[in-house]
Amino acid sequence: MTNAALQDTAKQDTNQYNGPRRTRAACALEFLALAGVAALVTLAVIGGALYWLVDTTTLWWGFVVVLFAGAAALMAWLGILEFWSGRPWRELADEIRPGQPATVRTADGVPLHVEIDGPADAAVTVVFVHGIQMNASAWRYQRPALEDSPVRRVSYDARGHGKSGTRKLDQGIRGLRQLADDLGRVIDATAPEGYLVLAGHGMGGATVLALRAARPDLADRIGGLVLCSTSAGPLSKTMSFGLWRVLAPVSWLIRREVAGFMIVADAVPRFMLRLLGLAPYLVGLRFFAVHKRTALRLTTAIVYGNGFRQAGDIVVAIQDHDERAGLAELGNAYTAVVGGFNDHFVPIAEQEKLADAIPGATMTVIPKCGHQTVFENPEVVNAELRRIIDLVTADAERLLADAAEPEPEPRAGIATLSAERLSPDRLSSAAKAQLSALSTAPAAVLAPVSVGARTAADSARSTARSATHSAAHSAQTGSATIKEALTGLVDTVEHMAPEGPVRSGLHLLHKALGGEAADGDDTTPRKGPAQ
């Protein structure tokens, strides 16, 4: 779908995206202004305190100590940066990228790195969509768990992440619908047919929820959804960052300025951010994203490897994201929502609202788990993923079995045979109408049953059976009407015919058509009119 079409789609949603959207420039300028004021105030306070409380000699010695301590800390962080537990962080960040690599281009020309494995003719394809500042290797615990499954597995690096290219999002397209259109392009290139199971984490889950609006042509193929640590929006009003309610103003300030901070950080040369080492990432991710320390190292390695490349641009889109109006239409897909109880990015209450809004969805809350559910409790995510895949696969197999059953040969209708032997002007108007209806009955009986989403299987077969029974009943009713018309025609001619072989022959034909039953089965030939 083109950018113009995506903009038109956003305008058609009257229940959402009606308010103004903050632009990247506005976010960045507001953050710079606020940061500048805060820096000036801080310097003034510190400078005044040092001037009044500390003599000049002590001040210079303190400066030297801080300088050397900072240099030592920097060397230590750089050492950790390059070798973590004896392995370079880059190796840790990019390990477990299975499958055949491929490149798919978005509508605006961004090359996306895609990884594909599994049978090309699989009836079900699982597409993995990662979260913000992650990459396709974020699903390293889920993809190997499906190696014994007959499904096709596809994962990719979203624009601005991992090995994919970077290009700013079109600010005329609301929410994450442009990322959803990118997902649609990946599906077109890697899984043009068959059922789809879409697994999304964080930003990836929000992208999956926006796919219905961005690519409505794919809606009927989506058989299952696995949504981890995500929301339908609006996160610009619900993210609390794990702070207490009494600190709600602080949460509001962070929500408002985080996009501007990331936009400015994206503009800073990469080597300058590297001088900061891993300390900011470790502290920030430990507090906001990761509850279990076992997942901290891996999460930090991937986030650090990706950096702030396009992060601010996507945060602006995430805060604008709101797909609540379309959740009820996802009821045709098996849906599992998985969330961590200690998620500071997407409050667990918002994830429960998401599960409640999708008809038939299940909700799994993992205790002592943060935002990184795919790392912190992969066994729970894997179990839900396998459950959804099994349900969708069963539907696909049942559909294939139904398609393999031979269709019954259409029986030539009485109307067709009668039309070959009788002239239409000799039939009554009712018989003519019934003949016209019967002539189209075989086409209705043989019309293929549509194979949309999973509603599918049972109701489609029931509909086909009902259509067949209805057509058969119509054929029987039409047969009786035509037979009655012929009987009346023969009876009229018989009364008009004189005594003799012609009248006897008409009487036999009348009897063969069943006309005698109405006359008490009288075998005596009727008398003609008085001569």
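Whatever comes next refers back to the structure up there.
What counts and what doesn't
- Residues numbered from 1 in each chain as written.
- Predicted model: local features only at pLDDT ≥ 70, side-chain atom pairs only at ≥ 80, totals over all residues.
- Heavy atoms only, no water.
- Helix = DSSP H or I, 4+ residues; strand = E, 2+ residues; numbered from the N terminus.
- Buried < 20%, exposed > 50% of the residue type's maximum accessible area, 1.4 Å probe, protein only.
- Contact = heavy atoms within 4.5 Å.
- Salt bridge = Lys/Arg side-chain N within 4 Å of Asp/Glu carboxyl O.
- Axes fitted to C-alpha atoms, helices over the stretch in contact; angles between N-to-C directions.
- Parallel < 35°, antiparallel > 145°, perpendicular 65-115°, else oblique.
- Nonpolar A, V, L, I, M, F, W, Y, C, P; charged D, E, K, R; others polar.
- Patch = residues over 30% accessible without salt bridge, like charges linked within 9 Å, V, L, I, M, F, W, Y side chains within 5 Å.
- Areas by Shrake-Rupley, 256 points an atom, 1.4 Å probe, with all protein chains shown as cover.
- Pairing = 2+ DSSP bridges.
- Right-handed = clockwise from strand over helix to strand, strands pointing away.
- Disulfide = S-S within 2.5 Å.
- Expected span 1.5 Å × (residues − 1).

Peer 1: Sorry if this is basic, but what is going on with the overall build of the protein chain here?
Peer 2: For the protein chain, the count of helices and strands is 19 helices and eight strands. In the protein chain, which comprises 531 residues, the share counted as buried stands at 43%. Within the protein chain, counting contacts between residues at least 6 apart in sequence, those at least 24 apart form 79% of the total.

Peer 1: Is there a simple way to explain the pattern of salt bridges in this structure?
Peer 2: Per the counting criterion, the structure on display carries 17 salt bridges. Across the pair Arg215 and Asp217 runs a salt bridge, and its minimum N-O distance is 2.8 Å. Its salt-bridge partner being Arg324, residue Asp322 comes within 2.8 Å of it at the nearest N-O pair. According to the relative accessible area criterion, Asp322 is buried, its value standing at 10%. The class for Arg324 is partly exposed, based on a relative accessible area of 46%. One network of salt bridges, with partners in common, ties together Glu115, Asp117, Arg143 and Arg153.

Peer 1: Even after reading the chapter, I still don't get the environment of Gln319, so can you show me in this structure?
Peer 2: Position of Gln319 relative to the elements: it lies in helix H12 (residues 311-320). Take Gln319: its relative accessible area is 12%, and that puts it in the buried class. C-alpha separation for the pair Gln319 and Pro234, spaced 85 residues apart in sequence, amounts to 6.4 Å. Setting aside residues no more than four positions away along its own chain, Gln319 makes contact with Ser236, Met239, Arg255, Val258 and Ala259.

Peer 1: What is the right way to read the side chain of Ser155 from this model?
Peer 2: Its location among the elements puts Ser155 in strand E4 (residues 152-156). Among the residues examined, Ser155 registers a relative accessible area of 0% and is labelled buried. Apart from residues no more than four positions distant in its own chain, Ser155 is found in contact with His113, Val114, Glu115, Phe128, Ala136 and Arg143.

Peer 1: Could you clarify how one ought to interpret the packing of helix H8 (residues 248-267) against H12 in this entry?
Peer 2: To describe two helices that pack against each other, one gives the angle between their axes and the distance between the axes. It is the contact of H8 with H12, at a shortest axis distance of 7 Å, that shows an interaxial angle of 155 degrees. The angle between the axes of H8 and H12 places the two elements in the roughly antiparallel class. On H12, the residues that touch Arg255, Val258, Ala259, Met262 and Ile263 of H8 are Ala311, Gly312, Asp313, Val315, Val316 and Gln319. Here the residues of the contact of H8 with H12 sort into seven nonpolar, two polar and two charged.

Peer 1: Help me out: how do you make sense of a nonpolar patch on the surface in this one?
Peer 2: A cluster of nonpolar side chains, namely Trp60, Trp61, Phe63, Val64, Leu67 and Phe68, defines an oily patch on the protein surface of about 750 Å² accessible area. As for its placement among the helices and strands, Phe63 is situated in helix H3 (residues 56-82).

Peer 1: How do you make sense of the environment of Leu227 when you look at a structure like this?
Peer 2: Tracing the chain through its elements places Leu227 in strand E6 (residues 222-228). Residue Leu227 is classed as buried on the basis of its relative accessible area, which comes to 0%. The spatial distance from the C-alpha of Leu227 to the C-alpha of Met363 is 9.6 Å, given a sequence separation of 136 residues.

Peer 1: What's the story with the packing of helix H5 (residues 177-190) against helix H6 (residues 203-214) in this structure? I'm lost.
Peer 2: Interhelical geometry of H5 versus H6 gives an angle of 80 degrees and a closest axis separation of 7 Å. Here H5 lies roughly perpendicular to H6, going by the angle between them. Contact residues: Arg177, Leu179, Ala180, Asp181, Leu183, Gly184 and Ile187 in H5; Met203, Thr207, Val208, Ala210, Leu211, Ala213 and Ala214 in H6. When the residues that make up the contact of H5 with H6 are grouped by side-chain class, the tally is 10 nonpolar, two polar and two charged.

Peer 1: Just to check I follow, could you spell out unusual backbone geometry for this structure?
Peer 2: The general pattern is negative phi for most residues beyond glycine and trans for most peptide bonds. At the junction of Gly233 and Pro234, the peptide bond is cis and its omega measures out at -5 degrees in the coordinates. Tracing the backbone through its elements, the reader meets Pro234 in the loop between E6 and helix H7 (235-238). In this structure, Ser229 takes a positive phi of about 50 degrees despite not being glycine. Inspection of the secondary structure puts Ser229 in the loop between E6 and H7. Located in the positive-phi region is Lys368, a residue other than glycine, with phi close to 55 degrees. Looking at the element boundaries, Lys368 is found in the loop between strand E8 (362-366) and helix H14 (373-376). Among the residues examined, Lys368 registers a relative accessible area of 60% and is labelled exposed.

Peer 1: Looking at this model, I keep getting lost on the pairing of strand E5 (residues 195-201). Mind explaining?
Peer 2: In summary, the side chains of a regular strand alternate between the two faces of the sheet. Burial runs high along E5: seven of the seven residues are buried. By the alternation rule, side chains of E5 split into Tyr195, Val197, Ala199 and His201 and Leu196, Leu198 and Gly200, which are all buried. One ladder, built from six bridges, connects strand E3 (residues 124-129) with E5; its direction is parallel. Looking at E5, one finds that Val129 is bridged to Gly200. Of the strand pairs in this sheet, E5 and E6 are connected by six bridges, and their pairing is parallel. Counterpart to Gly200 in the pairing with E6 is Leu227. For the crossover that starts at E5, traverses H6 and ends in the parallel E6, the hand is right-handed.

Peer 1: What am I meant to see in the state of the cysteines here?
Peer 2: Between two cysteines, a covalent bond joining their sulfur atoms is known as a disulfide. A complete count under the given rule lists zero disulfides for this structure. Its sulfur unpaired, Cys228 is 9.6 Å from the next cysteine sulfur, which belongs to Cys369. When its relative accessible area of 0% is taken as the criterion, Cys228 is described as buried.

Peer 1: For this particular structure, what's the right way to read H5?
Peer 2: One turn of the α-helix equals 3.6 residues, which is why residues spaced by three or four share an orientation. Taking 1.5 Å as the rise per residue, H5 with 14 residues should run 20 Å; its terminal C-alpha atoms sit 20 Å apart, in good agreement. Counting buried positions along H5 gives 11 out of 14 residues, so the element sits mostly inside the fold. Inspection of H5 places Arg177, Gln178, Leu179, Ala180, Asp181, Asp182, Leu183, Gly184, Val186, Ile187 and Thr190 among the buried residues, and these make up the whole buried set.

Peer 1: Is there a simple way to explain the pairing of E8 in this structure?
Peer 2: Note that strand E7 (residues 334-340) and E8 share five bridges and pair parallel. Paired with Val337 across the two strands is Met363, which belongs to E8. Read from E7 through helix H13 (residues 348-357) to E8, the crossover connection turns out right-handed.

Geometric descriptors of this kind do not, in isolation, establish any biological role.
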